[in-house]
Amino acid sequence: RSGGKYFDLTGYKAITFMVKGEKAEENFKIGLADRHWEELGDSIKSDQIIKYLPSGKITTDWQKAVIPLDEFFIDTSKLSSISISFESVCFPECQGSGKVYLDDITLE
């Protein structure tokens, strides 16, 4: 943040990070909120993270996830938060458990 309440992501094209799972069955979505979504207490969610991984699924090895910011349809000049969402739709039979590991969260 530069002197204000929000992060300005103008000029960045993607949020990237390294991810791996404990069992290789995990899944989640990333949520971004701008000023508007912060006021509503919610965020815009990405597709399931498996869409953004080279192998098409979380594995027990590190992989780089690349999520284009333009998929979120938010005001990127006023980012208020980034969240991880373990929604039931991410799992078979709408249930899942496990651990995920994230590292090197970056804006590119």
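Reading guide: rules and limits
Residues numbered from 1 in each chain as written. Predicted model: local features only at pLDDT ≥ 70, side-chain atom pairs only at ≥ 80, totals over all residues. Heavy atoms only, no water. Pairing = 2+ DSSP bridges. Helix = DSSP H or I, 4+ residues; strand = E, 2+ residues; numbered from the N terminus. Phe/Tyr/Trp six-rings, centres within 6.5 Å; stacked < 30°, edge-to-face > 60°. Lys NZ or Arg CZ within 6 Å of the ring centre and 35° of its normal. Axes fitted to C-alpha atoms, helices over the stretch in contact; angles between N-to-C directions. Buried < 20%, exposed > 50% of the residue type's maximum accessible area, 1.4 Å probe, protein only. Contact = heavy atoms within 4.5 Å. Core = buried A, V, L, I, M, F, W, Y, C linked by side-chain atoms within 4.5 Å. Salt bridge = Lys/Arg side-chain N within 4 Å of Asp/Glu carboxyl O.

Enquirer: Explain the sheet that holds strand E3 (residues 44–45) here, please?
Expert: The strands making up a sheet are joined through hydrogen bonds of the backbone, oriented either antiparallel or parallel. Spatial ordering of the open sheet is given by E3-E2-E5, a layout of three strands whose pairing is antiparallel. Each edge of the open sheet carries a strand with a single partner, namely E3 and strand E5 (79–85). Across two bridges, the pairing between strand E2 (residues 29–34) and E3 is antiparallel. Counted as the bridge partner of Gly-31 is Lys-45 from E3.

Enquirer: When you look at the packing of aromatic side chains in this model, what are you seeing that I'm missing?
Expert: For any pair of aromatic rings, the description rests on two quantities: the centre-to-centre distance and the angle between the ring planes. Taken as a whole and assessed by the stated rule, the structure comprises one aromatic pair. The ring centre of Tyr-101 lies 5.9 Å from the NZ or CZ of Lys-20, which sits over that ring.

Enquirer: How should the sheet that holds strand E4 (residues 63–68) be read in this particular structure?
Expert: The three strands are arranged E4-E1-E6 in an open sheet whose pairing can be described as antiparallel. Bordering the open sheet on either side are E4 and strand E6 (100–107), each of which pairs with just one other strand. Between one strand axis and the next, the sheet turns by 25° as a mean value, whatever way the strands run. Both strand E1 (residues 14–21) and E6 contribute to a ladder of six bridges, which runs antiparallel. By the bridge assignment for E6, Met-18 is matched with Asp-103.

Enquirer: Would you mind showing me how to read the environment of Ile-84 here?
Expert: Here Ile-84 lies in strand E5. With a relative accessible area of 40%, Ile-84 lands in the partly exposed category. Sequence-wise, Ile-84 and Ser-46 are 38 residues apart; in three dimensions their C-alpha atoms are separated by 9.8 Å. With sequence-adjacent residues up to four places away left out, Ile-84 is seen in contact with Phe-28, Lys-29, Ile-30 and Leu-102.

Enquirer: Could you clarify how one ought to interpret the nonpolar core in this entry?
Expert: Within soluble globular proteins, side chains that are nonpolar generally end up buried alongside one another. Counting 18 residues, the largest nonpolar core has Phe-17, Phe-28, Ile-30, Leu-32, Ile-49, Ile-67 and Phe-72 as its most contacted members. Breaking this core down by element, the ones donating at least two residues are E1, E2 and E4. Not counting chain neighbours up to four residues away, the residues in contact with Ile-67 comprise Lys-13, Ala-14, Ile-15, Phe-17, Ile-30, Ser-46, Ile-49, Tyr-52 and Phe-72.

Enquirer: Sorry if this is basic, but what is going on with the pattern of salt bridges here?
Expert: If the charged atoms of two oppositely charged side chains come close together, the side chains can form a pair. If you walk through the whole model with that rule in mind, you get four salt bridges. The residue Glu-38 makes a salt bridge to Lys-5 at a minimum N-O spacing of 3.7 Å. Pair noted here: Glu-38 is in helix H1 (residues 35–40) and Lys-5 is in the segment before E1, with a separation of 33 residues, a long-range link. Between Lys-51 and Glu-71 there is a salt bridge, and its shortest N-O distance comes to 3.8 Å. Of this pair, Lys-51 sits in the loop between E3 and E4 while Glu-71 sits in the loop between E4 and E5; the two residues are 20 residues apart in sequence, bridging distant segments of the chain. Among the ionic contacts, a cluster of salt bridges with common partners joins Asp-47, Lys-51 and Glu-71.

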